[in-house]
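Summary of the model geometry
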Amino acid sequence: MFSRLIPTPLGPLYAEASERGLTSVRLLVLAEDFSEHSNPLLEHLAAGVGRYFEGEAELFLDIDLDYRGFSPERIALYERVRRIPFGSTTSYAALGRELALSPRAVGAGMRACPFFLVVPAQRVIHADGRLGGFMGAEGIKLWLLLHEGLEASRFR
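Since we're looking at a predicted model, the values are computed, not measured.

Topic: the overall build of the chain
Helix and strand counts for the chain come out as 5 helices and 5 strands. Along its sequence from the N terminus, the chain presents helices and strands in the succession β-β-β-α-α-β-α-α-β-α. The C-alpha radius of gyration computed for the chain amounts to 15 Å, which stays within 12% of the reference 15 Å derived for 156 residues, consistent with globular compactness. On the principal axes, the C-alpha backbone points of the chain span a range of 45 × 35 × 25 Å. Counting over 156 residues, the chain shows a buried share of 47%.

Dropping the structure here:
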C-alpha cells in the first residue's frame with residue numbers, strides 16, 4: 001500500500017493507492033501521524049492537484065482508480081461524475097435518469113465517495129441550485145465551485 005500527503009489551500013489531502021490504482025483521497029483537518037510511502041501514481045496525483053489549485057482544468061482522468069469492492073452501479077456513477085467538465089455542474093436527478101438510479105442513490109454515492117477531487121462530487125448539485133451535502137462541508141463544495149469559475153449567485 002502506498003500513501004502521500006498533498007498540501008492544498010483547503011488543508012492536506014491524504015491519498016492512498018494500491019498497485020492497481022488510487023484507493024482513496026481524503027481531505028484532512030490535521031495531518032499528524034499519517035505515514036507516507038509514495039509511488040509514481042501518487043506523485044502524478046500530487047502534480048495534478050497542484051495544477052487544479054493553480055486554476056487549470058484538471059480532470060484526473062488519467063489516474064486509475066482501484067474499485068475493488070464497489071458495486072457496478074457505484075463504479076458507473078463515479079466514472080460518469082469524473083467526466084463532468086471543470087467549471088460545470090449536473091444534478092443528482094439528471095445523473096439518476098442517465099444511470100437508472102434514484103437521485104437519492106446518486107446522493108448516497110457522492111456522500112460515500114472516497115476519491116476527493118478525483119471524482120468531483122462538488123460538481124453534482126440539486127436541480128434547483130441548492131448545493132446539497134458534501135461530507136458535511138458545503139462551504140468547501142462552494143469554495144471548489146467558485147474556484148472553478150462558477151458564479152455564487154447560481155447556488156442557493
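What about the pairing of strand β3 (residues 22-27)?
Two elements, strand β2 (residues 13-17) and β3, share 5 bridges in a ladder whose sense is antiparallel. Residue A15 lies in a different strand from β3, and its bridge partner there is V25. With antiparallel pairing between neighbouring strands as the criterion, β2 and β3 make up a hairpin whose turn holds 4 residues.

Some details on the side chain of E58
Relative to the helices and strands, E58 is located in the loop between α1 (40-53) and α2 (72-82). Looking at E58, the relative accessible area reads 13%, which means it is buried. Among the polar contacts made by the side chain of E58, one reaches the side chain of R51 at a distance of 3.0 Å. One polar contact links the side chain of E58 to the main-chain amide nitrogen of F60, over a distance of 3.2 Å.

Some points on helix α4 (residues 103-111)
The α-helix advances 3.6 residues per turn, and as a result positions three or four apart in sequence lie on the same side. Those residues of α4 that fall on the buried side of the exposure criterion are V106, G107, G109 and M110. One side of α4 holds all its buried residues, which, seen down the axis, span an arc of 160 degrees. Set apart from the buried face of α4 by more than 90 degrees, the exposed residues are R104 and R111. Among the structural elements, α2, α3 (92-99) and β5 (124-125) are those in contact with the buried residues of α4.

Notes on the packing of aromatic side chains
If you walk through the whole model with that rule in mind, you get 9 aromatic pairs. Here the aromatic rings of F53 and W143 are separated by 6.0 Å at their centres, their planes lie at 45 degrees, and the arrangement is tilted. Linking F53 in helix α1 with W143 in helix α5 (residues 138-147), this pair joins segments that are 90 residues apart in sequence. W143 sits in the partly exposed class, given a relative accessible area of 34%. Summarising the aromatic geometry, the rings of F70 and Y78 are spaced 6.0 Å apart at their centres and angled 70 degrees between planes, so their arrangement reads as edge-to-face. The exposure class of F70 is partly exposed, given its relative accessible area of 25%.

Thoughts on the sheet that holds strand β1 (residues 2-6)
In spatial order, the strands read β1-β2-β3; together these 3 strands make up an open sheet with antiparallel pairing. Two strands close off the open sheet at either side, each with one partner strand: β1 and β3. Pairs of neighbouring strands in the sheet enclose a mean axial angle of 15 degrees, with direction left out of account. Sheet topology places β1 next to β2; 5 bridges connect them, and they run antiparallel. Its bridge partner being in β2, I6 is matched across the sheet by L13. Each of β1, β2 and β3 is contacted by α1, which is oriented at about 20 degrees to β1, the strand it contacts most.

Rules behind the numbers
Residues numbered from 1 in each chain as written. Predicted model: local features only at pLDDT ≥ 70, side-chain atom pairs only at ≥ 80, totals over all residues. Heavy atoms only, no water. Helix = DSSP H or I, 4+ residues; strand = E, 2+ residues; numbered from the N terminus. Rg over C-alpha atoms; globule rule 2.2 N^0.38 Å. Buried < 20%, exposed > 50% of the residue type's maximum accessible area, 1.4 Å probe, protein only. Pairing = 2+ DSSP bridges. Polar contact = N/O pair within 3.5 Å; in protein donor to acceptor, adjacent residues only side chain to side chain. Arc of directions from axis to C-beta. Contact = heavy atoms within 4.5 Å. Phe/Tyr/Trp six-rings, centres within 6.5 Å; stacked < 30°, edge-to-face > 60°. Axes fitted to C-alpha atoms, helices over the stretch in contact; angles between N-to-C directions.

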